[in-house]
Amino acid sequence: MGGRKGNPVFAQCVSLDSYQVFLQAYGSGEIALTGRCSDHFVVSGTPGLSFGWEMKAKQIDYDQLRMTEDRGQVDTSAVNYGAEAASYLASPTAVGCSKVGIREDTLRTLIANVMGLPEFDEELFNQQLAYATVPADNEIVFHFRDGHEVSRAFVQKRQMPRQTEERKKHMSEVMKAKWRERHAESD
């Protein structure tokens, strides 16, 4: 396995003399960072093992700055919560993950229902709702700016993963074998 060549924009903004790479194996096997250069890194391990990585580096000219203790309130008056909610909650289901993403049309219907509106109104949504959480599968809790919360259950159709060519070929072979088996029994 090898690391992908670096992003030139990223490389221009950070110090690549002392960056860190964090690896996460997705399955059984071993994985290790075996090389670290200014324009790439090298990962070795079990052949075919899928993995994810995260790279952290200090921003050029800001490497000596630290976060201050003063963490005053953030002005959220200009935040478009409707768009943010749709982007966060409408994400597709991750492979192997039990959490279900909420489709945007389902989310808009739920929001309108919670707010007592005949249809979704983004302006009212931004004015009244602070944020939403998904504490369990098929449940969403809307947190209003005035402090009250409303919980709703939702149901949506299961979204099947896209068929790969390998999966299509495998299913074709399975169906052919079943056809042969059925026709052999009837002879």
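The structure we're discussing is the one just above.
Residues numbered from 1 in each chain as written. Predicted model: local features only at pLDDT ≥ 70, side-chain atom pairs only at ≥ 80, totals over all residues. Heavy atoms only, no water.

A.B. asks: Tell me about the pairing of strand 5 (residues 129-136), and please be specific about residues and values.
C.D. replies: Relative to strand 6 (residues 139-144), strand 5 is paired through five bridges, and the arrangement is antiparallel. Opposite Tyr-131, over in strand 6, you have His-143 as the bridge partner. Connecting strand 5 to the next strand, strand 6, in antiparallel fashion are two residues, including Asn-138 with a positive phi near 60°. (Pairing = 2+ DSSP bridges. Helix = DSSP H or I, 4+ residues; strand = E, 2+ residues; numbered from the N terminus.)

A.B. asks: Explain the pattern of salt bridges to me, using residue names and the numbers behind them.
C.D. replies: Taken as a whole and judged by the stated rule, the model has two salt bridges. Glu-54 serves as the salt-bridge partner of Lys-56, at 3.8 Å between the closest nitrogen and oxygen. Here Glu-165 makes a salt bridge to Lys-168, at a shortest N to O gap of 3.5 Å. You can see Glu-165 and its partner Lys-168 sitting in helix 5 (residues 165-186), three residues apart, about one turn around the helix. (Salt bridge = Lys/Arg side-chain N within 4 Å of Asp/Glu carboxyl O.)

A.B. asks: Tell me about the sheet that holds strand 7 (residues 149-153), and please be specific about residues and values.
C.D. replies: Ordered by their spatial adjacency, three strands build an open sheet running 5-6-7, and the pairing between neighbours is antiparallel. Edge positions in the sheet fall to strand 5 and strand 7, since each of these pairs with one other strand and no more. Strand after strand, the sheet turns through a mean of 20° between neighbouring axes, direction not considered. In the sheet, strand 6 pairs with strand 7 via five bridges, with the strands oriented antiparallel. Bridge assignment links Val-141 to a residue of strand 7, and that residue is Ser-151. Where helix 3 (residues 104-115) meets the sheet, its contacts fall on strand 5, strand 6 and strand 7, and the angle it forms with strand 6 comes to roughly 50°. (Axes fitted to C-alpha atoms, helices over the stretch in contact; angles between N-to-C directions. Contact = heavy atoms within 4.5 Å.)

A.B. asks: Report on helix 3, specifying residues and quantitative values.
C.D. replies: Over its 12 residues, helix 3 runs 16 Å from end to end, which matches the ideal 16 Å to within 8%, given 1.5 Å per residue. Thr-106, Leu-107, Leu-110, Ile-111, Ala-112, Val-114 and Met-115 are the residues of helix 3 that are buried. (Expected span 1.5 Å × (residues − 1). Buried < 20%, exposed > 50% of the residue type's maximum accessible area, 1.4 Å probe, protein only.)

A.B. asks: Break down the environment of Tyr-131 for me, with residues and values.
C.D. replies: With respect to the element layout, Tyr-131 can be found in strand 5. Given the relative accessible area of 48%, Tyr-131 is considered partly exposed. Once the C-alpha coordinates of Tyr-131 and Glu-149 are considered, the two residues, 18 residues apart in sequence, prove to be 9.9 Å apart. Not counting residues up to four positions away in its chain, the partners in contact with Tyr-131 are Val-141, Phe-142 and His-143.

A.B. asks: How would you summarise the packing of aromatic side chains if you had to cite specific residues and measurements?
C.D. replies: Under the definition given, this model contains two aromatic pairs. Ring geometry for Phe-41 versus Trp-53: centroids 5.0 Å apart, planes at 70°, classification edge-to-face. You can see Phe-41 sitting in strand 3 (residues 41-45) and its partner Trp-53 sitting in strand 4 (residues 50-56), a full 12 residues away along the chain. Judged by relative accessible area, which is 4%, Phe-41 ranks as buried. Trp-53 sits in the partly exposed class, given a relative accessible area of 43%. (Phe/Tyr/Trp six-rings, centres within 6.5 Å; stacked < 30°, edge-to-face > 60°.)

A.B. asks: Residue-level account of the environment of Gln-12, with values.
C.D. replies: Among the secondary structure elements, Gln-12 is positioned in helix 1 (residues 8-13). The exposed category is assigned to Gln-12, whose relative accessible area is 62%. As for Gln-12 and Ile-60, which are separated by 48 residues in sequence, their C-alpha atoms are 8.3 Å apart.

A.B. asks: Pulling in residues and values, what's your account of the pairing of strand 6?
C.D. replies: Across the six residues of strand 6, five count as buried, placing the element largely inside the fold. The turn linking strand 6 back onto strand 7 is made up of four residues, and Gly-147 within it adopts a positive phi angle of 105°.

A.B. asks: Residue-level account of the side chain of His-143, with values.
C.D. replies: When you line up the elements, His-143 lands in strand 6. At 3.1 Å, the side chain of His-143 forms a polar contact with the side chain of Glu-149. Contact partners of His-143, with chain neighbours within four places excluded, come to Leu-129, Ala-130, Tyr-131, Ala-132, Thr-133, His-148 and Glu-149. (Polar contact = N/O pair within 3.5 Å; in protein donor to acceptor, adjacent residues only side chain to side chain.)

On their own, these measurements won't tell you what the molecule is for.
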